[in-house]
Each structure stands twice: as structure tokens, then as C-alpha cells.
Amino acid sequence: MLVWKLIPGWVMILVLLVGPYAALCYFFWPFAVAYHLLYWVTALMYLGFGFVSSASITREDLITAAIPNPFSYEDEWAQRRIFFNLMLMPAIVMAWTLQVTWALIFPPRK
């Protein structure tokens, strides 16, 4: 069922987006409005990257990153690409969860 696929995404949204904000509000309560704004702008930018990107780690990236070549920059580029793709995967899962939930709540008109 689709609900079982959505539950990890909603847990991820609660843990990665709402949880840190709740912890900041609890432990550092009287802080400026600019910090609230900075947090939510940063969080929504991260989520926005999840909507517009597609992370893919290819076999060539793994092979190139595993065998370093001191005369080439490709191994370092492959290592950074793997790192950034791994960092974007939670954003992609959260974006997919929000898209599917929106489509379930507001189905397209016929």
C-alpha cells in the first residue's frame, strides 16, 4: 500500500525538518526572529533542492572514487559527487512524500 511508503517520508520530515526547529526553540528560546527566518529559509531551500534534483550514483563514480589517481581530478570529483548525492537523498524522499501526499489530498480534476 502507498501509506506504508509514505510513513518513512513523514518520519523523515518530522526528524529532519521539524525536530531541529523544535529543539532550537526549546533549548534556545528567546532568540531573534532572524534566526527563525534563517532556519526556515535554509530548510525550505534544502527541500527545494529535493524537488528539482535527481541524485544518482553510478558504478563509474564508485569505481573512480575507490581507486585514486594522483594525476587526475576525476576521483576527487566522483567522491564529492557521491557525497552530495547522499546528502540530497533525504531531501528527494521528503519532496516525493509531499508530492504524493498533495496528490492524494487534492486529486486532479477530470
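Since the structure is predicted, the reported quantities are computational estimates derived from the model, not experimental observations.

Rules used in this analysis
Throughout, residues of each chain are indexed from 1 in the direction in which the sequence is written. Restriction of local features to residues with pLDDT of at least 70 applies here, the model being predicted, together with a cutoff of 80 or more for giving and counting side-chain atom pairs; totals for whole chains, interfaces and linings are based on all residues. Hydrogen atoms and water are omitted, and side-chain values are computed over all heavy atoms in the structure. By convention in these notes, a salt bridge is any Lys or Arg side-chain nitrogen within 4 Å of a carboxyl oxygen on Asp or Glu. Elements are defined by DSSP. Helices are runs of H or I of four residues or more, strands are runs of E of two residues or more, and each kind is numbered from the N terminus. Relative accessibility decides the category of a residue: with a 1.4 Å probe and only protein chains considered, values under 20% of the type maximum give buried, values over 50% give exposed, and everything between is partly exposed. The patch calculation keeps residues exceeding 30% relative accessible area without a salt bridge and links them within 9 Å when they carry like charges or within 5 Å when they are nonpolar (Val, Leu, Ile, Met, Phe, Trp, Tyr). For every accessible area listed, the method is Shrake-Rupley and the probe measures 1.4 Å; residues are considered covered only by the protein chains on display. To define a nonpolar core, start from buried Ala, Val, Leu, Ile, Met, Phe, Trp, Tyr and Cys residues and group those joined through side-chain atoms within 4.5 Å. We call two residues in contact whenever any of their non-hydrogen atoms come within 4.5 Å of each other.

Participant: Got a minute to help me understand the pattern of salt bridges in this structure?
Facilitator: Counted by the stated rule, this structure contains 1 salt bridge. R80 is paired through a salt bridge with E76; the nearest N and O atoms lie 4.0 Å apart. One end of the pair, R80, and the other, E76, are both in helix 4 (residues 74–105), 4 residues apart, so they sit about a helical turn from each other. Exposure remark for R80: the relative accessible area of 47% places this residue in the partly exposed category. Classification of E76 as partly exposed rests on a relative accessible area of 43%.

Participant: Can you walk me through a nonpolar patch on the surface in this structure?
Facilitator: On the surface, a nonpolar cluster with roughly 910 Å² of combined accessible area is contributed by M1, V3, W4, I7, V11, L14, V15, L16 and V18. Since its relative accessible area comes to 45%, V3 is described here as partly exposed.

Participant: What is the right way to read the nonpolar core from this model?
Facilitator: As a rule of thumb, nonpolar side chains are buried together in soluble globular proteins. Judged by nonpolar contacts, I13, L17, Y21, C25, F31, Y39, A43, L47 and M94 together constitute the single largest core of 9 residues. Counting residues per element, the ones that place at least two in this core are helix 1 (2–27) and helix 2 (33–52). Ranked by the residues each element gives to this core, the list is headed by helix 1, at 4 residues. Other than its neighbours up to four places away in sequence, Y39 contacts L16, L17, P20, Y21 and L24.

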